[in-house]
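Notes for the structure review
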Amino acid sequence: MTRAQADVNLDAIAHNVMRLRAAAPDARMLAVVKADGYGHGMVPVARAARGAGADYLGVALPEEAVAVREAGDNGPLLCWLYPPSADLSELVERRVEISVSSPDALQQVVAAARKGDRRARIHLKIDTGLGRNGSTPDAWSDLVARALAHQDAGVLEVAGVWSHLAGSDEPESPVTGRQVVAFREALSDAESQGLVPEVRHLANSGGVLHHPDTHFDMVRCGISVYGLTPGPAIGTSRGLGLIPAMTVTAEVALVKRVPGGHGVSYGHRYRTRRSTQLALIPVGYADGVPRSGSSRLPVMINGQRFSVAGTVAMDQVVVDVGDARVRAGDRVHLFGPGSRGEPTADEWAAACATINYEIVTRLGPRIPRRHLGGG
Ligand SMILES: *Cc1c(COP(=O)(O)O)cnc(C)c1O
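Calculation criteria
- Residues numbered from 1 in each chain as written.
- Predicted model: local features only at pLDDT ≥ 70, side-chain atom pairs only at ≥ 80, totals over all residues.
- Heavy atoms only, no water.
- Helix = DSSP H or I, 4+ residues; strand = E, 2+ residues; numbered from the N terminus.
- Buried < 20%, exposed > 50% of the residue type's maximum accessible area, 1.4 Å probe, protein only.
- Contact = heavy atoms within 4.5 Å.
- Areas by Shrake-Rupley, 256 points an atom, 1.4 Å probe, with all protein chains shown as cover.
- Expected span 1.5 Å × (residues − 1).
- Polar contact = N/O pair within 3.5 Å; in protein donor to acceptor, adjacent residues only side chain to side chain.
- Domains from an automatic or database assignment.
- Buried area = accessible area lost by both parts, 1.4 Å probe.
- Pairing = 2+ DSSP bridges.
- Right-handed = clockwise from strand over helix to strand, strands pointing away.
- Axes fitted to C-alpha atoms, helices over the stretch in contact; angles between N-to-C directions.
- Salt bridge = Lys/Arg side-chain N within 4 Å of Asp/Glu carboxyl O.
- Phe/Tyr/Trp six-rings, centres within 6.5 Å; stacked < 30°, edge-to-face > 60°.

The next subject is the overall build of the protein chain. Looking only at helices and strands, the protein chain has 11 helices and 19 strands in total. Burial status across the protein chain gives 55% buried among its 375 residues. A separation of at least 24 residues holds for 66% of the contacts in the protein chain among residues at least 6 apart in sequence. For the protein chain, the computed accessible surface area is about 15,800 Å², with 50% contributed by carbon and sulfur atoms.

Shown next, in the form of structure tokens:
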């Protein structure tokens with residue numbers, strides 16, 4: 001027994017990777033393991049995803065890419081977010097493929113390749129409407145031309161052309177269709193200049209599961225690898241054939257009886273209505289239990305559902321368990337796949353007016369991850 005822990009089911013990760021491969025059977029599959037594998041533990045998730053057939057892994061940051069390589073993974077790996085101060089030579093040296101959105105970033109990669117005398121592999125990124133990273137359509141032709149000049153000089157190889165969707169979690173959004181059109185335009189421009197990329201990729205989880213016209217040569221799956229839906233409008237985990245991989249539990253630290261009218265936690269935002277028992281759960285916002293879930297978050301103790309009573313504190317929350325048989329040392333389910341009746345990350349997200357991505361990703365370092373399965 002531990003104060004709190006997150007069990008991560010690597011067999012669920014493997015199942016989800018296979019399910020997602022089947023959803024885009026003609027495309028390669030990239031499993032996104034950034035942000036410590038969406039809070040699930042990057043290295044074990046990376047291994048499980050590769051084992052289940054992920055062709056590529058994807059990370060945001062250079063240090064994440066290095067950590068994947070340090071763990072012994074040498075397969076195709078794409079890294080897409082770095083500031084001008086980043087020295088990319090270690091990535092080139094370790095054969096990490098690098099996203100390029102601008103002439104400056106191109107120069108940064110070229111400098112890294114020259115430094116190590118090794119050919120870089122890059123993916124040129126076009127902004128098809130997200131308004132975040134990527135070249136504007138106006139600057140695209142020039143970026144392609146510059147990249148091709150460096151390719152001809154043998155400094156680098158343009159392996160991919162890619163973009164990212166703004167609203168694939170909304171089935172009815174007209175934005176996705178417009179982005180597909182813009183992506184095709186960028187591709188034909190690149191092709192007219194003689195660029196024949198090995199992989200063209202646009203889809204994230206919402207695209208993979210709901211918009212087949214976004215699949216192209218590769219799909220990038222993040223939240224769905226962890227068994228969670230990219231958005232309630234796309235479906236539930238179960239409806240999509242996904243298995244949530246994470247179960248978070250804690251140990252009841254204290255149970256005590258208090259009279260009616262007793263204020264509970266900071267600000268007394270909860271007050272007992274009659275004589276009742278309060279159970280103290282030793283996890284709080286420092287552990288990733290959102291404070292916005294005060295008086296709302298569901299938990300399960302001994303098969304019964306309760307809500308957090310009052311304000312979520314840094315290290316603890318309180319649950320009014322009435323007259324239920326609850327003792328110190330009992331196990332509390334915070335969230336999990338829901339198969340035993342416990343709340344899900346989706347329910348937590350709804351209770352906090354956020355998305356399931358934030359619930360799992362912000363789970364704090366004080367909660368040890370225990371990886372199960374994956375043999
Ligand atoms: C995080 C990320 C993804 C994964 O998105 P999901 O919605 O979690 O599938 C894909 N592509 C890029 C560029 C990302 O930053």
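Right, let's talk about helix α1 (residues 10-23) for a bit. Counted at 1.5 Å a residue, the expected span for α1 with its 14 residues is 20 Å, and the 20 Å between its end C-alpha atoms agrees. When α1 is considered as a whole, its buried residues turn out to be Leu10, Ala12, Ile13, Ala14, Asn16, Val17 and Leu20. Here the buried face of α1 lies against β1 (4-9), β2 (28-32), α3 (42-51), α9 (205-210), β9 (218-221) and β19 (369-372). The N-capping residue of α1, defined by a side-chain oxygen 3.0 Å from the backbone nitrogen of Asp11, is Asn9.

Turning next to the domain arrangement of the protein chain. Segmenting the protein chain into domains produces domain 1 (10-226) and domain 2 (246-372). Every contact between the two is made by nine residues of domain 1 and, on the other side, eight residues of domain 2. Of the roughly 840 Å² buried between domain 1 and domain 2 on both sides combined, carbon and sulfur atoms contribute 61%. Where domain 1 meets domain 2, there are three residue pairs in polar contact (both at pLDDT 80 or more).

All right, on to the pairing of β9 then. Look at any regular strand and the pattern is simple: side chains alternate between the two faces of the sheet. Across the two faces of β9 the burial is the same, with Met218 and Arg220 and Val219 and Cys221 all buried. Alignment of strand β8 (residues 199-203) against β9, held across two bridges, turns out to be parallel. The residue of β9 that forms the bridge with Ala203 is Val219. As for the winding sense of the linkage, the β-α-β connection from β8 through α9 to β9 is right-handed.

Below, the discussion takes up the sheet that holds strand β14 (residues 276-281). Strands sit in the order β11-β14-β17 across an open sheet of three strands; the sheet is antiparallel. Each edge of the open sheet carries a strand with a single partner, namely β11 (254-258) and β17 (317-322). Between one strand axis and the next, the sheet turns by 30° as a mean value, whatever way the strands run. For β11 and β14, the ladder comprises five bridges, and the chain directions are antiparallel. Residue pairing across strands places Val255 opposite Ala279, the latter belonging to β14.

This part is about the pattern of salt bridges. Enumeration over the complete set of coordinates arrives at 22 salt bridges. Between Glu70 and Arg94 there is a salt bridge, with the nearest N and O atoms lying 2.5 Å from each other. One end of the pair, Glu70, is in helix α4 (residues 62-70); the other, Arg94, is in the loop between α5 (89-93) and β5 (97-100), with 24 residues separating them in the sequence. Taking the relative accessible area as the measure of exposure, Glu70 reaches 56% and is therefore exposed. Take Arg94: its relative accessible area is 24%, and that puts it in the partly exposed class. Its salt-bridge partner being Arg305, residue Glu347 comes within 2.8 Å of it at the nearest N-O pair. Of this pair, Glu347 sits in helix α10 (residues 345-351) while Arg305 sits in strand β16 (residues 304-307), placing them 42 residues apart in sequence. Taking the relative accessible area as the measure of exposure, Arg305 reaches 39% and is therefore partly exposed. Where salt bridges share partners, they join Arg28, Glu97, Arg121, Glu157 and Glu198 into one cluster.

Before going further, it helps to spend a moment on unusual backbone geometry. Comment: phi is negative for the bulk of residues other than glycine, and the bulk of peptide bonds are trans. Positive phi is not limited to glycine here, since Tyr38 has a value of about 50°. Along the chain, Tyr38 turns up in helix α2 (residues 34-38). Take Tyr38: its relative accessible area is 7%, and that puts it in the buried class. Its identity as a non-glycine residue notwithstanding, Ser265 has a phi of 65°, on the positive side. Counting through the fold element by element, Ser265 comes out in the loop between β12 (263-264) and β13 (270-271). With a relative accessible area of 25%, Ser265 lands in the partly exposed category.

Looking now at the packing of aromatic side chains. Tallying each qualifying case throughout the model produces five aromatic pairs. For the pair Tyr38 and Tyr226, a centre-to-centre distance of 4.7 Å together with 20° between the ring planes defines the contact as stacked. Of this pair, Tyr38 sits in helix α2 while Tyr226 sits in the loop between β9 and β10 (246-251), placing them 188 residues apart in sequence. Here Tyr38 and Tyr357 contribute two aromatic rings whose centre-to-centre distance is 6.2 Å and whose plane-to-plane angle is 35°, an arrangement assigned as tilted. Here Tyr38 is found in helix α2, whereas its partner Tyr357 is found in helix α11 (residues 356-361), with 319 residues between them in sequence. The exposure class of Tyr357 is partly exposed, given its relative accessible area of 24%. Of the aromatic side chains, those joined through ring pairs into one cluster are Tyr38, Tyr226 and Tyr357.

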